[in-house]
Amino acid sequence: MSFSALLRWMSFWLWQGFVGLPAYAAASCVEQNVSVQVLGSGGPELDDGRASTSYLIWHNNRARVLVDAGPGSSVNFGRSTAQFTDLDVILLSHLHADHSSDLPAYIKGAYFSNRQRILPIYGPDKNTLMPSTTEFVERLFGAKGVYPYLSDNLPVPGDVPNNTEKFTLHAHDIPLTHDNVVRHRLSPNLSVSAMAVHHGPVAALAWRVNLAGCLISFSGDMSNQWHKLAMFAKESDLLVMHNAVPEQTNAIARNLHMPPSEIGNIAQQAKVKQLLLSHFMNRTNNVQSQTVAIIQQHYAGKVSLADDLMHYKLGAFP
Ligand SMILES: [Zn+2]
């Protein structure tokens with residue numbers, strides 16, 4: 001290992017030690033009334049009976065964080081009774097359609113809300129296959145984008161942002177490094193951290209949200225070929241992982257996703273308090289009991305199966 005690589009390795013683990021400290025005791029998350037609501041528990045298939053990937057993080061009856069915006073999720077956002085005015089941030093794991101294609105529905109819907117402040121959206125930087133998040137937003141909503149009539153929702157270049165005047169969507173790119181964690185503090189009790197994850201050739205991120213001292217981590221779609229998620233998600237109150245492939249799968253799918261045994265190993269190494277499986281596909285929908293059994297060979301904690309609109313409370317154990 002070169003000296004610079006050693007420094008990067010040390011800074012990664014030191015940083016992890018700093019932001020990955022155990023969250024407050026579980027009871028605190030109950031008192032804080034923090035929960036994850038699933039808006040979409042499916043993948044890209046049309047016939048799985050589920051909306052595609054999306055999650056809301058609630059705090060004291062306010063929906064504060066939207067993670068991914070897969071197709072169908074905006075309908076469930078309405079059903080959830082969440083208010084667009086309450087959102088503090090949108091986080092995108094990657095820009096595959098099953099994670100991002102409802103974004104125009106949210107932005108058009110915002111016109112009919114009373115939102116009068118900036119909404120930041122964070123997602124991956126570009127790579128050779130995918131645009132950056134800022135390019136993605138510009139290609140959708142810019143004056144020369146596919147929805148130019150929504151361009152009022154983007155900031156005017158050079159304007160000083162005014163957080164109380166009107167709704168604008170401010171896009172930010174997260175660098176694609178898997179040996180560094182990027183952290184943004186959005187309010188006194190909300191910070192978000194991202195790390196690049198391996199999802200085949202796709203630019204992709206895992207996210208960790210610290211809300212009122214409660215840690216919620218999201219693997220996004222990933223293969224875990226970089227073996228960093230367990231440390232990134234360390235001692236999370238809830239870890240959401242994607243069950244897109246069964247234990248036996250082909251090499252192409254394995255280059256994109258993790259089998260159940262890998263999910264169980266990560267959850268155990270990370271010592272997460274709860275594991276929520278989501279992003280089901282037809283090939284995993286019909287083997288859920290076998291999947292849970294394999295995971296439980298590795299992970300001793302609570303395993304839940306996501307369903308659309310279900311709430312998963314932090315710190316609440318049966
Ligand atoms: Zn996906």
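Report on the accompanying structure.

What counts and how
Residues numbered from 1 in each chain as written. Predicted model: local features only at pLDDT ≥ 70, side-chain atom pairs only at ≥ 80, totals over all residues. Heavy atoms only, no water. Helix = DSSP H or I, 4+ residues; strand = E, 2+ residues; numbered from the N terminus. Buried < 20%, exposed > 50% of the residue type's maximum accessible area, 1.4 Å probe, protein only. Contact = heavy atoms within 4.5 Å. Phe/Tyr/Trp six-rings, centres within 6.5 Å; stacked < 30°, edge-to-face > 60°. Lys NZ or Arg CZ within 6 Å of the ring centre and 35° of its normal. Donors = N, O, S within 2.8 Å, 3.2 Å for Na, K, Ca; no water. Pairing = 2+ DSSP bridges. Axes fitted to C-alpha atoms, helices over the stretch in contact; angles between N-to-C directions.

## A few points about the environment of Leu238
So, step 1. Checked against the element boundaries, Leu238 lands in strand β11 (residues 238–242).
So, step 2. On the accessibility criterion, Leu238 (1% relative accessible area) is buried.
So, step 3. Taking C-alpha positions, Leu238 is 8.8 Å from Tyr312, a pair spaced 74 residues apart along the chain.
So, step 4. With residues up to four places along the chain from it excluded, the contact list for Leu238 reads Val36, Leu215, Ile216, Ser217, Gln274, Leu275, Leu276 and Leu314.

## Let's talk about the packing of aromatic side chains
So, step 1. Across all of its chains, the model carries six aromatic pairs by this definition.
So, step 2. Seen from their ring centres, Phe77 and Tyr106 are 5.4 Å apart, and the 90° between their planes marks the pair as edge-to-face. Residue Phe77 is located in helix α3 (residues 73–79), and its partner Tyr106 is located in helix α5 (residues 103–110); the two are separated by 29 residues in the primary sequence. Each member of the pair, Phe77 as well as Tyr106, is classed as buried.
So, step 3. The cationic tip of Arg208 hangs over the ring face of Phe232; the distance from NZ or CZ to the ring centre is 4.7 Å.

## Quick word on the coordination of the zinc ion
So, step 1. Within the protein, the atoms that donate to the zinc ion are Asp98 (OD), His99 (NE2), Asp221 (OD) and His279 (NE2), at distances of 2.2 Å.
So, step 2. Counting gaps between the donor residues of the zinc ion yields the pattern D-H-x121-D-x57-H. One end of the pair, Asp98, is in helix α4 (residues 97–100); the other, Asp221, is in the loop between β10 (214–218) and α7 (229–232), with 123 residues separating them in the sequence.
So, step 3. A residue is classified by how much of its surface remains accessible, and Asp98, at 8% relative accessible area, is buried.

## Some thoughts on the sheet that holds strand β3 (residues 62–67)
So, step 1. Here seven strands make up an open sheet; going across it, the order is β6-β5-β4-β3-β2-β1-β14 and the pairing mixed. If you trace the sheet from one side to the other, it starts and ends with β6 (169–174) and β14 (311–313), each paired once. For this sheet the average axis-to-axis angle between neighbouring strands, irrespective of direction, equals 25°.
So, step 2. As paired elements, strand β2 (residues 54–59) and β3 share five bridges and run antiparallel to each other. Across the sheet, residue Tyr55 finds its bridge partner in β3, namely Val67.
So, step 3. Strands β5 (119–124) and β6 of the sheet are contacted by helix α6 (residues 133–141), whose axis makes an angle of about 145° with β6.

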